[in-house]
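Breakdown of the fold
Residue-level listing of the chains:
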Amino acid sequence: MPANFAPSAADYLRILPEIIMTVAGVLIMLLEGWLGENKKRNLSVQTFVAFAAALVSAVAANGNPGLSFSNMLIVDGFATFFRVLVIAVGILSLFSATQYLKREHAESSEYYALLLFSVTGQCIMATANELIMIFIGLEISSIATYVLAGYLRDDKRNNEAALKYFLLGSFATAFLLYGIAWIYGTTGSTNLSTIRIALLTPGSETNVILAGTAAALMFVGFAFKVSAAPFQIWAPDVYQGAPAPVTLFMSAGPKAAAFAVFLRVFMTAFGPITSRWEPFVWSSALLTMIIGNFAALMQTNIKRLLAYSSIANAGYVMVAIAADSQIGVAAAMFYLAAYAFMNIGAFAVVTHFSRQGEKFVNVEDLAGLGWKQPVTAALFSIFLLSLIGVPLTGGFFGKFYIFKAALDANLVWLTVLGLLNSAVAAYYYLRILVVMYMKEPGEATLSLQPVGVGIAATLWISAVGTLVLGIFPSVVLNFATASSALVK
Amino acid sequence: MTALIFLIFACIAVFCGISLVVQTHPIASALSLIGVMGSLAILYLQLGGEFIAMAQIIVYAGAIMVLFVFVIMLLNAGAETPTFQASTFVKYLGIVLLVAFLGLISFIIQAALPKTEGVVFGGFQGTAADVGRKLFTSYLLPFEVTSVLILIALVGAIVLARKEI
Amino acid sequence: MPNAVPLSWYLILSAILFGLGVAGFIFRRNIITVFMSIELMLNAVNLTFVTFSYQFKQVDGHIYSFFVMVVAAAEAAVGLAIILTVFKNRSTLMIDDVNSMKY
C-alpha cells in the first residue's frame, strides 16, 4: 500500500490540461444558462480559451516529466506529442464546427462541452501508463464522440452514424477488456512496465501463449478504434453519416489517440513477445491499405471517399508499427501529425461546400470550384497533394519516413506493396483536382457563399501546418525521434 | 458443496446466456440477461468478491437492466421477424458448430492452465473495506476520472433526448 | 464430490458466455438484443477479472470489474438514448432497416 496517497502539487501539474478542459466543459454549460440565448457566440471563444490554456499547460507539463498517481500516469515526450496533437485537432475542429452549427441552427453549449470532454479522454489515453486508465480514457473519448456523431438527432443519417459507431465501438471495447482481463491473469498486473518485466522473466511457455492471446484480443479492440482491416467496416458509414465537422474531428483526434495507446501498449508491454503479434500487424496493415485505396476508387460521395482514404492512411501507420523500431514509432508519430493537418483541411472544405443540411457532398458537385473560389480550391489542392504524397508537403515526408522504417526492418514486400498502394491512391485524389479545375461550374458551385471566418482559420492553419511539416520536417521529426524511446 | 453451487449456477448462467441469444422477443432476452447476472453474482460471492457481488445485483441487474426493460416497454418492441428462414439442418449444424467451438475454447483454457488451484468458499475475502482502501489510494486517479465519464453520459443522454437543439 | 472447484472452470464459463455474446451480436437483428449481447460480453469479462483476483488473492480485479460496471452504465444511458432517436426517426428496431447509406 503506497504511503503517499495524497497527490503532490507536481502530480496535479501533470494532469493540468485534463483538469482545465473538464472544468471548462462544465463552466461552459453553466454559462449558457446564465448568459441567455443571445450570448451564444461567445461560447466558442470560451472553448477556444480553454483549449489554448490546456495546450500551454500540456507543453509546460513536459518540463516536469515522470510518473504520477501510483504509476497510473506517465508524462514524457511521447505523451506530450500526442497531447499537443489532439488539443490542436480539438481547436481546429472547434473553428469549423462553430460556423456549421450556426448554419444548421443547432449551436449549444453541450456540443462544445462534449468536444472538450472528448479531447480530455484522448489526453488521458496519451498519458496513460495503465491498461485501466487507457480503457477509461478510451471510453470517455468514444462515448463523447458517439453523441457528437448523432448530434443533429432529427437527421436520419446522423442517427444511423451514431448507432453504428456506438454498437461496433462497444463491441470492440468488450474485446479490449477481455484482452486486459487475460493479461491481468497472466502477469498479475495492468501496469505496462510491470507487464513488460513479467513477460521478460523466463517462465513457462503457457505464459507466452496466454499473453499472445491477450495481445490478439487487444489488437482486435484497437484495430476497431483505428479502423484497420478487417475491422474497418463501420468507418465509411459513420464518416458519411456524421455531421461534417464531427467527421473532421473523429478522423483525426480519436484516431491519433488510439494509435498512441496502440504504440505504447504494443511497444512497452508486449515488446518481449514481438514475434507473436508482428505477423498480425503486418497482414492487417497490408489489408487495410488495399481495402481503403481500392474501395475509395469507386466512391462518388466525397465524405465516403475521404473515409476510405482515412482507412488507407491507417494502413500506412500500421506499416510503421509493424517495423517495430524506434524509427518506426517516430515515423508513425510524424505521419499522424501530418495526416491530422491534411485531413482536417480536406474535411473543412467539405464542411464549407456542403451547405445547410449537407446537400452537396458528391465529388461532381465540386465542378469548377477552382474558378469560383480560387483560394479555397488552392488550399484544397495542397491537402490533396499532401494526401497523395507530393514533395514539399507533410504527407510526402510522412510516407517517406514510414517506408524507410519498414525497409530498415527488412519489410521489403510490405514497402513495395505500400508504395504501389500510394500510386493507386493518387488516382482518386487527382480525380477531385480534375473535377475542380477542368469542369464547368455547376449549380452547386455557383451558389456558393464566401468562406466564413471559422472555416477560413481552419483551412489556413491546416495548410500552414501541412507545408511546414513538408518544408521543415526536422523540427517535428527531431522531437518525435527524441521521444520515441517508449521502453523505460 | 462449493462444486455443487458452482455447477448449478454455471448451468443457469449458460442456459440463460443461450436463451438470450435464441429468444426472439427482446423482453425475454432481457429477463435471461438478468438471470445470467444473478447467477454470476453468486459465483462472485464464491470467489470472495462480496462488494462486487452486491454491485452486480444493485447496479447491473438493478439499475442498468431496469433501463433496458423500460426502453423495451417504451418502444413497445415486438418479436423479431427472422430475415431468412434457416432450414432445420442448418440450425442443427449451427448448434453443433457452436458447441464444438466452445468446447475447443474450453479445452484450450484447460490445457493452458493445467494446475490451477481449487476455489473453496472463504479462501479469499475481498471485503468492501479492502476495495475502498485501494480505490482511494492506488486507483484514485481512475476513480476520479470516471466522474467525467458519468458526466458525459448525462450530458449525452440529454442532448439526444431533449425537445429542441 | 471434491469440495474445491478448479479455477479454470470459472474461466471456461466466462469464455462460453463471451462466445455467446459474440454470437448474439452477430446473429440477432433487433438493436436492443444486440446491445444486450454486448452487456453479456462485459459480464463475461467481469467474471474473468474476479476469478483472477481470487488467484492472486488481491482485490485489484474487483476494482477493474467495478470500473467495467461504471462504464457499462454510462454506455447504457447513451446507447439507449441513441436507440430512442433512431426509433423516433424510423419507427423500426431492426438493424437491417437502418441502412440508408450505400454508395
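Predicted, not measured: the structure shown is a model, and the values here were computed from it.

Here we come to the overall build of chain B. A count of helical and extended segments in chain B gives 6 helices and 1 strand. Sequence-ordered secondary structure for chain B, helices as α and strands as β, is α-α-α-α-β-α-α. Computed over its C-alpha atoms, the radius of gyration of chain B comes to 21 Å, more than 25% above the 15 Å expected for a compact globule of 165 residues. Its C-alpha atoms give chain B principal-axis dimensions of about 60 × 55 × 25 Å. In chain B, once contacts between residues fewer than 6 apart in sequence are set aside, the share between residues at least 24 apart is 63%.

Moving on: the overall build of chain C. When its secondary structure is counted, chain C shows 3 helices and 1 strand. Counting helices and strands in the order they occur from the N terminus, chain C gives β-α-α-α. Over its C-alpha atoms chain C spans a radius of gyration of 18 Å, topping by over 25% the 13 Å that the globule rule assigns to 103 residues. Across its three principal directions, the C-alpha atoms of chain C cover 55 × 25 × 25 Å. Counting over 103 residues, chain C shows a buried share of 71%. Residue pairs at least 24 apart in sequence account for 46% of intrachain contacts in chain C once pairs closer than 6 positions are excluded.

A few words now on the domain arrangement of chain B. According to the domain assignment, chain B consists of domain 1 (1-79) and domain 2 (127-165). The gap between the C-alpha centroids of domain 1 of chain B and domain 2 of chain B is 23 Å.

Residue and element names in this part refer to chain A. The end-to-end C-alpha distance of helix α21 (residues 453-471) is 27 Å, a good match for the 27 Å that 19 residues give at a rise of 1.5 Å each. Those residues of α21 not exposed but buried are G454, I455, T458, L459, S462, A463, G465, T466, L469 and G470. Relative to the axis of α21, the buried residues are bounded by an arc of 160° and lie together on one face. Those residues of α21 hidden inside the fold are in contact with α4 (77-103), α15 (326-354), α17 (374-388), α18 (394-408) and α22 (473-482).

In this section: the interface of chain C and chain A. Listed as interface residues are 31 residues of chain C and, on the opposing side, 34 residues of chain A. Broken down by secondary-structure element, the contributors of at least two residues to the side of chain C that touches chain A are α1 (7-27), α2 (31-56) and α3 (60-90) of chain C. A total of 14 residues in the side of chain C that touches chain A trace back to one element, the largest contributor, which is α3(C). In the side of chain C that touches chain A, the residues fall into 22 nonpolar, 7 polar and 2 charged.

Residues L85(A), A256(A), A332(A), F334(A), Y335(A), L336(A) and I152(B) are the most contacted members of the largest nonpolar core, which totals 295 residues. For this core, the element with the most residues is α15(A), which contributes 22 residues. Two domains share this core, each providing at least three of its residues, namely domain 1 (1-79) and domain 2 (127-165) of chain B. The contacts of L85(A), once residues within four sequence positions are left out, are A256(A), L336(A), A337(A) and A340(A).

Right, let's talk about the packing of helix α7 (residues 156-187) of chain A against α2(C) for a bit. Two elements in contact, α7(A) and α2(C), have axes separated by 9 Å at closest approach and are oriented at 10°. Classified by the interaxial angle, the pair formed by α7(A) and α2(C) is roughly parallel. On α2(C), the residues touching L167(A), S170(A), F171(A), A174(A), L177(A), Y178(A), A181(A), W182(A), Y184(A) and G185(A) of α7(A) are V34(C), F35(C), I38(C), M41(C), L42(C), V45(C), T48(C), F49(C), F52(C) and Q55(C).

Its 21 residues give helix α2 (residues 26-46) of chain B an end-to-end C-alpha distance of 31 Å, which sits within 8% of 30 Å, the value for a rise of 1.5 Å per residue. Trailing α2(B) by a residue or two, G48(B) shows a phi angle of about 85°, which is positive.

Before going further, it helps to spend a moment on unusual backbone geometry. Peptide bonds are, in most cases, trans, and in most cases residues other than glycine have a negative phi. Residues and elements named next belong to chain A. Each neighbour pair has its own omega, and for A229 with P230 the value is 0°, a cis peptide bond. Within the secondary structure, P230 is located in the loop between α9 (205-225) and α10 (235-241). In this model, R355 sits at a positive phi of 65°, which is unusual for a non-glycine residue. Note that R355 resides in the loop between α15 and α16 (369-372). We note that L392 has phi near 75°; this positive angle belongs to a residue other than glycine. Within the fold, L392 resides in the loop between α17 and α18.

What follows is about the environment of V319(A). Residues and elements named next belong to chain A. Position of V319 among the secondary structure elements: in helix α14 (residues 302-323). Exposure remark for V319: the 30 C-beta atoms within 10 Å place this residue in the buried category. Along the primary structure V319 and W282 are separated by 37 residues, whereas in three dimensions their C-alpha atoms are 6.7 Å apart. If near-sequence neighbours (up to four positions away) are discounted, V319 is found in contact with A285, I402, A406, L414 and G418.

Close contact between helix α3 (residues 50-75) of chain B and α2(C) brings their axes to 12 Å; oriented N to C, the two are set at 175°. Considering their axes alone, α3(B) and α2(C) lie roughly antiparallel with respect to each other. Residue-level inspection shows I52(B), F68(B), V71(B) and I72(B) of α3(B) in contact with α2(C), the latter providing I32(C), M36(C) and V50(C). For the contact of α3(B) with α2(C), the residue count by class is 7 nonpolar, no polar and no charged.

Moving on, we get to the confidence of the model for chain B. Mean pLDDT for chain B: 86, with 92% of residues reaching 70 or above. Of all secondary-structure elements in chain B, the lowest mean pLDDT belongs to strand β1 (residues 118-119) of chain B, at 76, while α2(B) reaches the highest, 94.

In this assembly, 59 residues from chain C lie in contact with 69 residues from chain B. Every element with two or more residues in the side of chain C that touches chain B is listed here: β1 (5-6), α1, α2 and α3 of chain C. For the side of chain C that touches chain B, the element with the most residues is α3(C), which contributes 22 residues. Here the residues of the side of chain C that touches chain B sort into 42 nonpolar, 12 polar and 5 charged. Relative to β1(C), β1(B) runs antiparallel, the two being bridged by 2 bridges. Counted as the bridge partner of G118(B) is P6(C) from β1(C).

How each quantity is defined
Residues numbered from 1 in each chain as written. Chains lettered and ligands numbered in written order. Predicted model: local features only at pLDDT ≥ 70, side-chain atom pairs only at ≥ 80, totals over all residues. Helix = DSSP H or I, 4+ residues; strand = E, 2+ residues; numbered from the N terminus. Rg over C-alpha atoms; globule rule 2.2 N^0.38 Å. Contact = placed C-beta atoms within 7 Å. Buried ≥ 20, exposed ≤ 12 C-beta atoms within 10 Å, placed from the backbone. Domains from an automatic or database assignment. Expected span 1.5 Å × (residues − 1). Arc of directions from axis to C-beta. Nonpolar A, V, L, I, M, F, W, Y, C, P; charged D, E, K, R; others polar. Core = buried A, V, L, I, M, F, W, Y, C linked by C-beta atoms within 7 Å. Axes fitted to C-alpha atoms, helices over the stretch in contact; angles between N-to-C directions. Parallel < 35°, antiparallel > 145°, perpendicular 65-115°, else oblique. pLDDT = per-residue confidence, 0-100. Pairing = 2+ DSSP bridges.

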